[in-house]
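Residues per chain, in single letters:
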There are 2 protein chains.
Amino acid sequence: MEIFERSLEENIEIIHQLLAHNRMTRFRTEFLALHNYDRAQIFAALEVDDRNKIYQYLSPTELADIFDMLENEDDSVIGYFDEMSNSYAASLLGAMYSDNAVDVLNSLKNRNQVNIYLHLMPVESAREISKLMSYMEETAGAIMTSEFISIPENITLGDAYRKVRKQAAEAETIYYVYVVDEEGRLTGVLSLRDLIVNEEDKQVKDFMNNRVITVQVNDNQEEVAQMVQDYDLLALPVVGFDQVLLGLITVDDIMDVIREEADSDYSGLAAVDVSEQHLSPFSAAKSRLPWLITLLFLGMGTSTVISQYQDVIASASILSAFVTLITGTAGNAGTQSLAVAVRKLTNKSEEDDFTSSLSFELLTGAITGLVVGLAVMVIVLVWQHNLFLGAIIGFAMMMAIIVANLAGSLIPKLMDRIGFDPAVASGPFISTLSDLTSVFIYFSIASFFLNLIQ
Amino acid sequence: MEIFERSLEENIEIIHQLLAHNRMTRFRTEFLALHNYDRAQIFAALEVDDRNKIYQYLSPTELADIFDMLENEDDSVIGYFDEMSNSYAASLLGAMYSDNAVDVLNSLKNRNQVNIYLHLMPVESAREISKLMSYMEETAGAIMTSEFISIPENITLGDAYRKVRKQAAEAETIYYVYVVDEEGRLTGVLSLRDLIVNEEDKQVKDFMNNRVITVQVNDNQEEVAQMVQDYDLLALPVVGFDQVLLGLITVDDIMDVIREEADSDYSGLAAVDVSEQHLSPFSAAKSRLPWLITLLFLGMGTSTVISQYQDVIASASILSAFVTLITGTAGNAGTQSLAVAVRKLTNKSEEDDFTSSLSFELLTGAITGLVVGLAVMVIVLVWQHNLFLGAIIGFAMMMAIIVANLAGSLIPKLMDRIGFDPAVASGPFISTLSDLTSVFIYFSIASFFLNLIQ
């Protein structure tokens, strides 16, 4: 009984040695005995000379299992295709699950190359793949696969079972079996569990579930992911507008969607793409500069406002000590409010009544602002022994927090209404904007009260 | 052919009417025909009088399907258990999948109540559930279930298939079948696909995959989720230190883990828990205040620093115009750097060499700081027609960004090393901290150069 006796590094070395010494038979024995994920990891770790031998030693169908596993980071997978002959590459794409082949072809910059591959692969595969490539990004159509099992409804469970056995090698999942009519329209679904637990001679139409949970080809991938989670499905059928069954989305692809969407929200909040891998500080800096420079210009607006109040500062320079306290705290409140609002929008759990959520945020900001404002007033009183100053700072703080809270919750909602991804309203954008409003509020209040006492 | 003819609201009304008029048989027919998720949604929407009738009309086993689906938001599920008799509740818990029963029991504040339920349910269930309850939160042991199918290795595929048919009703998943020895140690795995595609008379031990991918009971749930994703599994077996098979984690629970972890990271970045539902502005404000007040004190440190430089500001009040520009921009850079660092740590994709990642972040900050510093210098030159001032602001900006970048990347790494969750180092914390360092850097540089020209 051997369970994972060797480490990944040991396996890589062994495979490398076998390839270097042209030990084709031994390589095939060792390599094909490994789990598919380990094969993929080894493949990704080898050099080009070793890979060229693999293209000789393994058929496109055998290599397809590995390529179905590979992540296309930094276009590494595209690079592998460049190493192969066109016909081998086309066969490989035809043998892969169609959703993965579509991902590869969609990443190729050279459209001529795409056409060459489509012409060289089996006609049936080319037809399926072309169809899938036509769907808009991040919709159900773009992430579905065509390899599902469908059966007519007027057969027995035993016949259905035998059909599943026959098609099991090509289908991406055999655990759900879809029932279609002569036009290909989806009429019901059976799980493999249903098939094997019940008597062979029973009719499919008596056991199938005709309340099938489906998505449309143009449904957003995030809604699709939510549905798979809600219904605890292993796969979700995709239909066209006429209920014709077009494809299938499996739970492993859904998990990738969930991760993508989570990375996207997270990146939005921080104003930087956290899913990008950067090999040099130059490219890392390059990815961060756009937002930094953009917000620099917005920040200059704040500097302009402050410079208008230079006389106020000159006459009571203690005021400048609290500028960052107010902008910073209001910025923090705005970020909190933004995060909650964006998460609510991406969950789309209920249709929010705009007015009621507006008053909710207003009240939340008022309560938060009041508490923090009072705390600041007490701190300033203790530190500067000046109640009047404390009241000014506290009041300005409260107003700044209320405005920042509103901005943090309204801006993503407005963006969502006009069609933008609310997650683009980043934390840094909201806090830079709230710097502007906070400073304006602060100095207006301060100069108002200073004029009062003069 | 009827596919979802009625909406959820219609279904709720129909079920409510049937219950109100004590139509037990009709209720059972209508209700049990619906998909489990829809049944759960309807159940959650009913009032207590209707629910009390459901406890009379459905057996604990039938209700278990629904309870296996319910999300325990706001302890609503605990509330339902309070409505039932102790023996009904205990039977219900025994009939639910053990991981879900464990979730419920772990949320009960009253430990006596937990013991009452454990005593009233079937002994076997009580034993399984008690065992699972002993595992630490957020480990594989805490999220696994005991309902898996195991077979010995010296039987035929046909016998194995028949065993699966028999156990199919209780097992949470039948799509993987685990092979164990006499001591219960995991020796191999077969997929249901393997079972049905091959000849009946073949031996299990010849077809099983003896390189089983497993996790240990005390492995962190995030690592478990990553493994399920990497290997495209539908379920992952959990073993003890002696390789004895203890439980199973299914992909639907993994998707919940992925969402939890994503919410947790997102919440960390914004210093507010986005997964909490707040029914009143008071509770919403209450959840945001802890961080705001804490950071208020940190922000006072910054105010203290600025107040030390009041004479500098008094002599050149234009300097105060740029305080928020520098703190804001450095804060944005720090937030970007934090987000990237936290994401790298949670992925744990490679073991980062501390020194090399330190120099990477230093260089990234230097490049970013240089570009932004130059941009600021030009802007100030154009605005204030003062190259000297521009050079001061630009230089201070560059240094502030470098420090903020370092803080944003080092602090989560240090927290991770001393055992804290790096995601606790929130965006607001890093930007408030960078306010302090930025202000200190700015005024030190400004007063140094001012002294030079005097």
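Looking up chain A in an unreviewed UniProt entry gives the name Magnesium transporter MgtE, with the organism given as Eremococcus coleocola ACS-139-V-Col8. Here chain A is described in UniProt, under the heading Function (unreviewed entry), as follows: "Acts as a magnesium transporter." Entered under Sequence similarities (unreviewed entry) in the UniProt record, the comment concerning chain A runs "Belongs to the SLC41A transporter family."

A.B. asks: Please set out the UniProt feature "domain: CBS" (unreviewed entry) in chain A residue by residue, giving values where relevant.
C.D. replies: All names here are of chain A. Mapped onto this structure's residue numbering, the UniProt feature "domain: CBS" (unreviewed entry) falls at residues 144-207 and 208-264. Spanning residues 144-207, this segment combines 33% helix with 20% strand, and its end C-alpha atoms are found 26 Å apart. For residues 208-264, the end-to-end C-alpha separation is 39 Å, with 42% helix and 23% strand making up the annotated structure.

A.B. asks: Could you give an account of the interface of chain A and chain B, naming the residues involved and the relevant values?
C.D. replies: Residue-level contacts link 123 residues of chain A with 123 residues of chain B. Summing both partners gives a buried area of about 10,900 Å² for chain A against chain B, and 65% of it is carried by carbon and sulfur. Sorting the residues of chain A by area buried against chain B places Arg-211, Tyr-266 and Arg-288 of chain A first, and these three jointly supply 8% of that buried surface. At the boundary of chain A and chain B, one finds 36 residue pairs in polar contact (both at pLDDT 80 or more). Ranked by the residues each element gives to the side of chain A that touches chain B, the list is headed by helix H17 (residues 281-308) of chain A, at 19 residues. The residue inventory of the side of chain A that touches chain B, partitioned by class, reads 71 nonpolar, 33 polar and 19 charged.

A.B. asks: Talk me through the relation of the copies chain A and chain B; I want residue IDs and the actual numbers.
C.D. replies: Of the transformation placing chain A onto chain B, the axial shift is 0.0 Å and the rotation is 180°, giving an RMSD of 0.1 Å. In short, the pair behaves as if placed about a two-fold rotation axis. Mapped onto chain B, 100% of the interface residues of chain A again fall at the interface, so both copies present the same surface.

A.B. asks: Describe the sheet that holds strand E1 (residues 150-151) of chain B, listing the residues and the values that go with them.
C.D. replies: All names here are of chain B. With mixed pairing, three strands are arranged side by side in an open sheet as E1-E2-E3. In this open sheet, the two edge strands, each paired with only one partner strand, are E1 and strand E3 (186-191). In terms of strand pairing, strand E2 (residues 176-180) meets E3 through five bridges, oriented antiparallel. The partner of Tyr-176 across the bridge, within E3, is Ser-191.

A.B. asks: Quick rundown of the pairing of strand E5 (residues 235-239) of chain A? Include the residues and the values.
C.D. replies: Residues and elements named next belong to chain A. Among the five residues that make up E5, five are buried, leaving the element largely enclosed by the rest of the structure. Judged by which residues are buried, E5 turns out to be covered on both faces: Ala-235, Pro-237 and Val-239 on one side and Leu-236 and Val-238 on the other are all buried. Pairing geometry for strand E4 (residues 215-216) and E5, over two bridges, is parallel. Within E5, the position partnered with Val-215 by the bridge is Val-238. Where E5 lies against strand E6 (residues 245-250), five bridges are found, and the strand directions are antiparallel. Pairing of Val-239 across the sheet is with Leu-245, part of E6. Hairpin geometry of E5 and E6 is characterised by an intervening segment of five residues between the two adjacent antiparallel strands and by a positive phi of about 70° at Gln-243.

A.B. asks: Describe in detail the packing of helix H5 (residues 60-67) of chain B against helix H7 (residues 86-95) of chain B, supporting the description with residues and values.
C.D. replies: Residue and element names in this part refer to chain B. H7 packs onto H5 with a crossing angle of 60° between their chain directions and a minimal axis gap of 8 Å. If you check the angle between H5 and H7, you find them oblique. Seen along the crossing, H5 lies across H7 with a hand that is right-handed. Residues Pro-60, Thr-61, Leu-63, Ala-64 and Phe-67 of H5 form the contact with H7, whose participating residues are Tyr-88, Ser-91, Leu-92 and Ala-95.

A.B. asks: Tell me about the UniProt feature "transmembrane region" (unreviewed entry) in chain A, and name the residues and values.
C.D. replies: All names here are of chain A. UniProt annotation of "transmembrane region" (unreviewed entry) refers to residues 289-306, 318-342, 362-382, 387-408 and 428-453 when read in the numbering used here. Across residues 318-342 one finds 80% helix and 0% strand; the C-alpha atoms that close the span lie 37 Å apart. Helix makes up 100% of residues 428-453 and strand 0%. Its end C-alpha atoms lie 37 Å apart.

A.B. asks: Can you break down the nonpolar core residue by residue, with the values?
C.D. replies: Core analysis: the largest hydrophobic core is formed by 192 residues, its most contacted members being Leu-63, Phe-67 and Phe-81 of chain A together with Leu-63, Phe-67 and Phe-81 of chain B. If we skip the residues at most four places from it in the chain, Leu-63 of chain B touches Phe-43, Ile-54, Tyr-55, Leu-58, Met-84, Tyr-88 and Leu-92 of chain B.

A.B. asks: Give a detailed account of a negative patch on the surface, specifying residues and quantitative values.
C.D. replies: Among the surface-exposed residues, Asp-103, Glu-137, Glu-138, Asp-256, Glu-260 and Asp-421 of chain A together with Asp-232 of chain B lie close enough to one another that they form a single negatively charged patch. Inspection of the secondary structure puts Asp-421 of chain A in the loop between helix H21 (387-417) and helix H22 (427-453).

A.B. asks: Describe in detail the pairing of E3 of chain B, supporting the description with residues and values.
C.D. replies: For E3 of chain B, the tally of buried residues reaches six of six residues, placing the bulk of the element in the interior. Connecting the antiparallel pair E2 of chain B and E3 of chain B is a turn made up of five residues, with Gly-184 of chain B showing a positive phi of about 85°.

A.B. asks: Explain the packing of helix H1 (residues 8-20) of chain A against helix H2 (residues 24-33) of chain A to me, using residue names and the numbers behind them.
C.D. replies: All names here are of chain A. Between H1 and H2, the least distance of the axes is 9 Å, while the angle of their chain directions is 160°. Classified by the angle between their axes, H1 and H2 sit roughly antiparallel to one another. Crossing of H1 over H2 shows left-handed handedness. On the side of H1, the interface is formed by Ile-15, Leu-18 and Leu-19, while H2 contributes Arg-26, Phe-27, Glu-30 and Phe-31. Its residues assigned to classes, the contact of H1 with H2 shows five nonpolar, no polar and two charged.

A.B. asks: How would you summarise the domain arrangement of chain A if you had to cite specific residues and measurements?
C.D. replies: Split by domain assignment, chain A resolves into domain 1 (3-135), domain 2 (150-258) and domain 3 (276-453). Each of domain 2 of chain A and domain 3 of chain A was reduced to a C-alpha centroid, and the two centroids are 50 Å apart.

A.B. asks: Can you explain the sheet that holds strand E1 (residues 150-151) of chain A? Please cite residues and give values.
C.D. replies: All names here are of chain A. What the three strands build is an open sheet, ordered E1-E2-E3; its pairing is mixed. At either margin of the open sheet sits one strand with a lone partner, and together these are E1 and strand E3 (186-191). When E1 meets strand E2 (residues 176-180), the two strands line up parallel, connected through two bridges. Across the sheet, residue Ile-151 finds its bridge partner in E2, namely Val-179.

A.B. asks: An account of the packing of aromatic side chains is requested, with residue identities and associated values reported.
C.D. replies: For the structure on display, the rule yields 34 aromatic pairs over all chains. Between Phe-43 of chain A and Tyr-55 of chain A, the ring centres sit 6.3 Å apart and the planes meet at 55°, which makes this aromatic pair tilted. Of this pair, Phe-43 of chain A sits in helix H3 (residues 36-45) while Tyr-55 of chain A sits in helix H4 (residues 48-57); the two residues are twelve residues apart in sequence, bridging distant segments of the chain. Overall, Phe-43 of chain A belongs to the buried group, its relative accessible area being 0%. For the pair Phe-67 of chain B and Tyr-80 of chain B, a centre-to-centre distance of 6.0 Å together with 75° between the ring planes defines the contact as edge-to-face. Of the two residues, Phe-67 of chain B sits in helix H5 while Tyr-80 of chain B sits in helix H6 (residues 76-83), which places them 13 residues apart along the sequence. Of the residues examined, Phe-67 of chain B reaches a relative accessible area of 3% and is grouped as buried. Look at Tyr-80 of chain B and you get buried, because its relative accessible area is 7%. Through a chain of ring-to-ring contacts, three or more aromatic side chains come together here, namely Phe-43, Tyr-55, Phe-67, Tyr-80, Phe-81, Tyr-88 and Tyr-117 of chain A. Arg-343 of chain A extends its terminal NZ or CZ atom over the ring of Tyr-266 of chain B, reaching a point 4.5 Å from the ring centre.

A.B. asks: Pulling in residues and values, what's your account of the pattern of salt bridges?
C.D. replies: Taken as a whole and assessed by the stated rule, the structure comprises 22 salt bridges over all chains. For Asp-263 of chain A, the salt bridge identified is with Arg-343 of chain B, shortest N-O distance 2.7 Å. With one member in each of two chains, Asp-263 of chain A in helix H16 (residues 251-270) and Arg-343 of chain B in helix H19 (residues 323-347) form a pair that bridges those chains. Between Asp-159 of chain B and Arg-162 of chain B there is a salt bridge, and its shortest N-O distance comes to 3.4 Å. With a gap of three residues between them, Asp-159 of chain B and Arg-162 of chain B both fall in helix H12 (residues 157-167), about one helical turn apart.

A.B. asks: Could you give an account of the side chain of Ser-447 of chain B, with specific residues and numbers?
C.D. replies: Residue and element names in this part refer to chain B. By the secondary structure assignment, Ser-447 is in helix H22 (residues 427-453). Within polar-contact distance, the side chain of Ser-447 engages the backbone oxygen of Ser-444 at 3.2 Å. Setting aside residues no more than four positions away along its own chain, Ser-447 makes contact with Tyr-309 and Val-312.

Rules used throughout
Residues numbered from 1 in each chain as written. Chains lettered and ligands numbered in written order. Predicted model: local features only at pLDDT ≥ 70, side-chain atom pairs only at ≥ 80, totals over all residues. Heavy atoms only, no water. UniProt positions renumbered as here; feature names shortened; annotations may be inferred. Helix = DSSP H or I, 4+ residues; strand = E, 2+ residues; numbered from the N terminus. Contact = heavy atoms within 4.5 Å. Buried area = accessible area lost by both parts, 1.4 Å probe. Polar contact = N/O pair within 3.5 Å; in protein donor to acceptor, adjacent residues only side chain to side chain. Nonpolar A, V, L, I, M, F, W, Y, C, P; charged D, E, K, R; others polar. Least-squares fit on C-alpha atoms with pLDDT ≥ 70 in both. Pairing = 2+ DSSP bridges. Buried < 20%, exposed > 50% of the residue type's maximum accessible area, 1.4 Å probe, protein only. Axes fitted to C-alpha atoms, helices over the stretch in contact; angles between N-to-C directions. Parallel < 35°, antiparallel > 145°, perpendicular 65-115°, else oblique. Left-handed = near helix turned anticlockwise from the far one by under 90°. Core = buried A, V, L, I, M, F, W, Y, C linked by side-chain atoms within 4.5 Å. Patch = residues over 30% accessible without salt bridge, like charges linked within 9 Å, V, L, I, M, F, W, Y side chains within 5 Å. Areas by Shrake-Rupley, 256 points an atom, 1.4 Å probe, with all protein chains shown as cover. Salt bridge = Lys/Arg side-chain N within 4 Å of Asp/Glu carboxyl O. Lys, Arg positive; Asp, Glu negative; His and termini not counted. Charge placed at Lys NZ, Arg CZ, Asp CG, Glu CD. Domains from an automatic or database assignment. Phe/Tyr/Trp six-rings, centres within 6.5 Å; stacked < 30°, edge-to-face > 60°. Lys NZ or Arg CZ within 6 Å of the ring centre and 35° of its normal.

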